[in-house]
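Residues per chain, in single letters:
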Amino acid sequence: MNMVTVKQVEDDTLVSKVATHEQLKCPRFCLQGIRIPLYQFSSQCLLDNSPFEGLPCIPEEEQSILDSLLLAQWEDRVWKGVLRYDVTTSEIKVICGQRKFLAQLNEEWGINYMPKHEEKKICSQGDLPAFKWTKHHEELLFCVASGEMLKPELIPSAAVPDGAVLIIINEIPVEYGHVFLVPCGSDSFYRVLDARSLEMVARVAVEINNCSFRMFYDCPAAGTSHLYFQACYFPSPLPVEFTPVDTFFRDGRRGMCISCVTDYPIKTLLFESNQKVKIMVEVLVEICSCLQEKSIPYNLLISDCGKKMFLFLQLQKLSNSRTLSAWECGGYFLFKSTSEFDQATEEAMLKKLSDVSLDDEGFEVVKQLCCSIADKFSG
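None of these values were measured; they are calculated from a predicted model.

Draft legend 1. The arrangement of the overall build of the protein chain in detail. Tallying secondary structure elements over the protein chain gives ten helices and 17 strands in all. Burial analysis of the protein chain (379 residues in total) assigns 54% to the buried set. Contacts in the protein chain between residues far apart in sequence, at least 24 positions, make up 69% of those at least 6 positions apart. With an accessible surface of roughly 17,200 Å², the protein chain has 52% of that area assigned to carbon and sulfur atoms.

Here is the structure:
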């Protein structure tokens, strides 16, 4: 199979097939007949035993193929009117104070839109996306999957392979390029975060190779039917990324370290790797699994082209409260009214984060858990 240009992908006609509500549990059948752009990674795997250093982040004018594909497909849907509003017109400001928290005024975000033709929607937005495989699939941009070639390949029209990650536009975006990334198995959506799904998503970040691109994962609520990540482009680093860290675990041989983000209102750990992403991914997944067993809500932020993963730790959710999203934990807040936006203060944002943060005692337990698991993998 030969390499193709993004332009060829844009010109390719997508073919879809009708699927009923009962077919939601069987993606292979639901995706039967659908042909979309497919980006295949090279045969080098992030989870093998060889070092994977990735590439240094490159300037926008030297876009990677995957970055160019995502933005071209996203802009195409903007032109077709898939988005509910133009997120680029939303007002953004830095909240006065030492932390430099970011605030966005978006009066239309989160509104419970009722589509004129419900059967045309793949993704009905709310706090959690409900995926509906139906006659039209404008929101489905493309998919990524493992490949067998030495170099990545872009195929303009292909069936969705087993183990792919579906890239779906968020029609109510938080920021530019906002998409869902949905790992898809042979007969079902993934329900649990595992090393393979996190590896695939991390690899997207590596091959997007754009320092503005950030990915998010929120610990699923009870009853969530499928695993999904979110991603979008931010013009500048999030406030948490500027905060100093204190490293408490380091594996020099494998190039991984775990640090506490110091003096930050919500308890946060930073996982970094400059060599073998395999170890970092597997350590982090096992930690997240233990957190979920203990009913400790958490969020992930993937930045720096996949080399950094922030883990935010929250208190157990009360019946009348909600957990914060990963971008809120990172210091980016959305406001639906002008008055709230104008009156936002650093003190209020600090309280919002600290009120949901895991306590000091629980944080020490999690740090010990991290060391125990990391030691096991570094042996």
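Draft legend 2. Just the packing of helix H4 (residues 195-208) against helix H6 (residues 277-293), in detail. Contact geometry of H4 with H6 gives a least axis separation of 9 Å together with a crossing angle of 130°. With respect to their mutual orientation, H4 and H6 come out oblique. Note that H4 runs across H6; the crossing there is right-handed. Contact residues: Ala195, Leu198 and Glu199 in H4; Val281, Glu282, Leu284 and Val285 in H6.

Draft legend 3. Region of interest: helix H10 (residues 360-378). Taking 1.5 Å of rise per residue, the 19 residues of H10 would be expected to cover 27 Å, and the 27 Å separating its terminal C-alpha atoms lies within 8% of that figure. Among the residues of H10, those classed as buried are Gly362, Phe363, Val366, Lys367, Leu369, Cys370, Ile373, Ala374 and Ser378. For H10, the angular spread of buried residues about the axis comes to 160°, placing them on one side. Exposed side of H10, more than 90 degrees from the buried face: Glu361, Gln368 and Lys376 are the residues found there. In this structure, the buried side of H10 is in contact with strand S12 (245-251), strand S13 (256-261), strand S14 (268-273), H6 and strand S16 (308-313).

Draft legend 4. Just the environment of glycine 252, in detail. Tracing the chain through its elements places glycine 252 in the loop between S12 and S13. Remark: the alpha-carbon pair of glycine 252 and asparagine 274, spanning 22 residues in sequence, is separated by 10.0 Å.

Draft legend 5. The nonpolar core, seen in detail. In terms of nonpolar packing, the biggest core is built from 70 residues, with Leu193, Phe271 and Leu311 touching the most fellow members. No other element matches H6, which puts eleven residues into this core. Not counting residues up to four positions away in its chain, the partners in contact with phenylalanine 271 are Cys257, Ile258, Met280, Val283, Leu284, Ile287, Lys307, Lys308, Met309, Leu311 and Cys370. Core analysis: the second largest hydrophobic core is formed by 31 residues, Cys232, Phe312, Leu334 and Phe335 among them.

Draft legend 6. Representation of the sheet that holds strand S17 (residues 332-335). On the basis of which strands lie adjacent, the open sheet formed by three strands has the order S2-S3-S17 and mixed pairing. Every other strand in the sheet has two partners, leaving strand S2 (91-94) and S17 as the edge strands with one partner each. For this sheet, the mean angle separating the axes of adjacent strands, direction not counted, is 25°. Pairing of strand S3 (residues 102-105) with S17, which is carried by four bridges, proceeds in the parallel orientation.

About the cut-offs
- Residues numbered from 1 in each chain as written.
- Predicted model: local features only at pLDDT ≥ 70, side-chain atom pairs only at ≥ 80, totals over all residues.
- Heavy atoms only, no water.
- Helix = DSSP H or I, 4+ residues; strand = E, 2+ residues; numbered from the N terminus.
- Buried < 20%, exposed > 50% of the residue type's maximum accessible area, 1.4 Å probe, protein only.
- Contact = heavy atoms within 4.5 Å.
- Areas by Shrake-Rupley, 256 points an atom, 1.4 Å probe, with all protein chains shown as cover.
- Axes fitted to C-alpha atoms, helices over the stretch in contact; angles between N-to-C directions.
- Parallel < 35°, antiparallel > 145°, perpendicular 65-115°, else oblique.
- Left-handed = near helix turned anticlockwise from the far one by under 90°.
- Expected span 1.5 Å × (residues − 1).
- Arc of directions from axis to C-beta.
- Core = buried A, V, L, I, M, F, W, Y, C linked by side-chain atoms within 4.5 Å.
- Pairing = 2+ DSSP bridges.

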